[in-house]
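The primary structure of each chain is shown beneath.
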Amino acid sequence: MKIRTVVAALALMTAAACGSATESPGGTTGSTAKEVRLGYFPNITHSTALVGTEKGLYAKHLGVPVKTSTFNAGPAAIEAIFSGAIDATYIGPNPAINAWAKSKGEAIKIVAGSASGGVYLVTKPEINGVADLKGKKIATPQLGNTQDVALRYWLKQNGLNTDTKGGGDVHIVPQENAQTLQTFATGDIDGAWVPEPFASRLVLESKGKILLDERELWPGKQFVITHLIVRQAWAKENPDLLKKLIEAHVEATTFINDDPAAAATTVNAAIEKLTQKPLKQEVLDSAFKNITFTNDPIASSLTGSAEHAIEVGLLEPVDLNGIYDLKILNEVLAAQGQQSIKDK
């Protein structure tokens, strides 16, 4: 299936990374890799990875060196997957959809959920509803990313049109989240559709107002914001390591949910190491409570995200059948007496 190229990284060749691996992870036994290369973002929405790394859970379970790489946006992580530079990464839904479509279902598999929610439309206080957004500038993290698609679709559902060049009824301005903090404070933009902790920072540091909690747009107020994907070729060659990776992932999720306060402190320590600047306590507290950490990838919301991207012209129709492989996750959960998770 052809995707309209919104990010150049997805145009990289996939053959080297994909090989001929079309079998489900766990299809063979044994592992050949001498290390595991894991990607994630230094964001609260990637707290599972931050906790797993900071507390040494990946190293404990995997028993081989764990090489970590951090990214600021999904396309860069997908580029690393496609080139074979990393074996697995935490990532948002739309980059995973793009990778699946670009590689015709051969590059990646989603093997576990990680986080739900934690995305908001924050605006200037004088904006009181969607009608007030006409003619305004609203930022998103990147053209075609998960939040960008969500904003464009929501605006279209409310009768407001956009285009990829910043025109239309509402002028969408793709920019890095760190830049959005500055442009909102200076008044160069009127709002932003962003994930945590940036939403809380806009509110607490620049007197922004939450106009919309994205959870309100989804059934059961649940939608995937982060999940764990693996490179299919690596998963086929290293099923034992894949299982151990998922075991570490599940333990990190359990730790977060059993002791959110300790988890938040751990996450902030990890963020400080990666960015040299910890989050302020009030931002940390606000952002952490707005996210649900779960092993469930909330498959129905991934389908919804794809449909939304198609509706706003950022994705050609794509068959997502087979993008999930939750077999090993459910084996790990069953061993701990936890309920199995469906992929639909």
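Basis of the calculations
Residues numbered from 1 in each chain as written. Predicted model: local features only at pLDDT ≥ 70, side-chain atom pairs only at ≥ 80, totals over all residues. Heavy atoms only, no water. Helix = DSSP H or I, 4+ residues; strand = E, 2+ residues; numbered from the N terminus. Rg over C-alpha atoms; globule rule 2.2 N^0.38 Å. Buried < 20%, exposed > 50% of the residue type's maximum accessible area, 1.4 Å probe, protein only. Areas by Shrake-Rupley, 256 points an atom, 1.4 Å probe, with all protein chains shown as cover. Lys, Arg positive; Asp, Glu negative; His and termini not counted. Charge placed at Lys NZ, Arg CZ, Asp CG, Glu CD. 1 Å grid on protein atoms, 1.4 Å probe; cavity = no way out; pocket = protein on both sides within 12 Å on 5 of 7 lines; lining within 4 Å. Points joined across faces, edges and corners; volume = space filled by probe spheres on them. Nonpolar A, V, L, I, M, F, W, Y, C, P; charged D, E, K, R; others polar. Pairing = 2+ DSSP bridges. Axes fitted to C-alpha atoms, helices over the stretch in contact; angles between N-to-C directions. pLDDT = per-residue confidence, 0-100. Contact = heavy atoms within 4.5 Å. Phe/Tyr/Trp six-rings, centres within 6.5 Å; stacked < 30°, edge-to-face > 60°. Lys NZ or Arg CZ within 6 Å of the ring centre and 35° of its normal.

Chemist: Honestly, the overall build of the chain in this entry has me stumped. Any pointers?
Modeler: In terms of regular secondary structure, the chain is built from 14 helices and 11 strands. Relative to the 2.2 N^0.38 estimate, which gives 20 Å for 344 residues, the radius of gyration of the chain is 19 Å and therefore close to what a compact globule would have. Principal axes of the C-alpha set define a box for the chain whose edges measure 60 × 45 × 35 Å. Burial analysis of the chain (344 residues in total) assigns 56% to the buried set. Roughly 14200 Å² of accessible area belongs to the chain as shown, and the carbon and sulfur atoms make up 48% of that amount. Charged side chains in the chain number 33 positive and 36 negative. The centres of these two groups are separated by 3 Å.

Chemist: Mind showing me how you'd approach the layout of surface pockets here?
Modeler: It is a probe the size of a water molecule, rolled over the atoms, that shows where empty space is left. Of the pockets and cavities examined, the largest pocket occupies roughly 930 Å³. Asn-43, Asn-72, Asn-177, Ala-178 and Phe-198 are the residues nearest the centre of the largest pocket, which is lined by 38 residues in total. Those elements that place two or more of their residues in the lining of the largest pocket are α4 (74-83), α6 (146-157), α7 (177-186), α8 (198-206), β10 (224-231) and α11 (260-275). Of all the elements, α7 adds the most residues to the lining of the largest pocket, at 4 residues. Taken together, the residues of the lining of the largest pocket sort by class into 18 nonpolar, 15 polar and 5 charged. Quantified by volume, the second largest pocket comes out at close to 180 Å³. Taken together, Ala-299, Ser-300, Leu-302, Thr-303, Leu-320, Asn-321, Gly-322, Ile-323, Tyr-324, Asp-343 and Lys-344 make up the full set of residues lining the second largest pocket. Residues of the lining of the second largest pocket, tallied by class, amount to 5 nonpolar, 4 polar and 2 charged.

Chemist: Would you explain the sheet that holds β10 in this entry?
Modeler: Strand pairing in a sheet relies on backbone hydrogen bonds. The paired strands run either parallel or antiparallel. Reading across the sheet, the 6 strands line up as β2-β1-β3-β10-β4-β11 and stay open at both edges, with mixed pairing between neighbours. In the strand order of this sheet, the two ends are held by β2 (66-70) and β11 (291-293), each with one partner. Ignoring strand direction, the axes of neighbouring strands in this sheet form an average angle of 25°. Here strand β4 (residues 108-117) runs beside β11; their pairing, made up of 3 bridges, is antiparallel. Bridge pairing links Ala-115 to Phe-293 in β11.

Chemist: Quick question: what am I supposed to make of the pairing of β10 here?
Modeler: Look at any regular strand and the pattern is simple: side chains alternate between the two faces of the sheet. Within β10, 8 of the 8 residues are buried, which leaves it mostly tucked inside the rest of the structure. Here strand β3 (residues 88-91) pairs with β10 via 4 bridges, running antiparallel. Looking at the pairing, Ile-91 lines up with His-227 of β10.

Chemist: Got a minute to help me understand the confidence of the model for the chain in this structure?
Modeler: Detailed reading of the predicted coordinates is not advisable wherever pLDDT is low. Averaged over all residues, the pLDDT of the chain equals 91, while 91% of them reach at least 70. With pLDDT under 50 throughout, residues 1-29 is counted as low confidence; its partners more than four residues away or in other chains account for 62 contacts.

Chemist: In this structure, what is going on with the packing of aromatic side chains? I would like to understand it.
Modeler: Any two aromatic rings considered together are summarised by their centre-to-centre distance and by the angle between their planes. The tally for this structure, following the rule as stated, stands at 3 aromatic pairs. Look at Trp-218 and Phe-223: their rings are 5.8 Å apart centre to centre, the planes differ by 20°, and that puts the pair in the stacked class. Note on Trp-218: relative accessible area 12%, which makes it buried. Consider the rings of Phe-288 and Phe-293, whose centres lie 5.2 Å apart with planes at 35°: the pair is tilted. Lying across the ring of Phe-184, Lys-124 places its NZ or CZ 4.0 Å from the centre.

Chemist: In this structure, what is going on with unusual backbone geometry? I would like to understand it.
Modeler: Across the chain, the bulk of peptide bonds are trans and the bulk of non-glycine residues have phi less than zero. With an omega dihedral of 10°, the bond running from Glu-196 to Pro-197 counts as a cis peptide bond. Topologically, Pro-197 is positioned in the loop between β8 (191-195) and α8. One non-glycine residue with positive phi stands out, namely Lys-207, at about 60°. Here Lys-207 shows up in the loop between α8 and β9 (209-213). Located in the positive-phi region is Lys-221, a residue other than glycine, with phi close to 55°. Positionally, Lys-221 belongs in the loop between β9 and β10. The class for Lys-221 is partly exposed, based on a relative accessible area of 47%.

Chemist: Can you walk me through the sheet that holds β8 in this structure?
Modeler: One open sheet holds the 5 strands; their spatial order is β7-β6-β8-β5-β9, and the pairing between them is mixed. Each of the sheet's edge strands pairs with one partner strand only, and the pair in question is β7 (171-174) and β9. This sheet shows a mean twist of 25° between the axes of neighbouring strands, independent of strand direction. The pairing of strand β6 (residues 137-140) with β7 spans 4 bridges and is parallel. Within the sheet, the bridge partner assigned to Lys-137 lies in β7 and is His-171. Contacting β5 (119-123), β6, β7, β8 and β9, α6 runs over the sheet at an angle of about 130° to β8. Relative to the sheet, α8 contacts β5, β8 and β9, its axis offset from that of β8 by approximately 135°.

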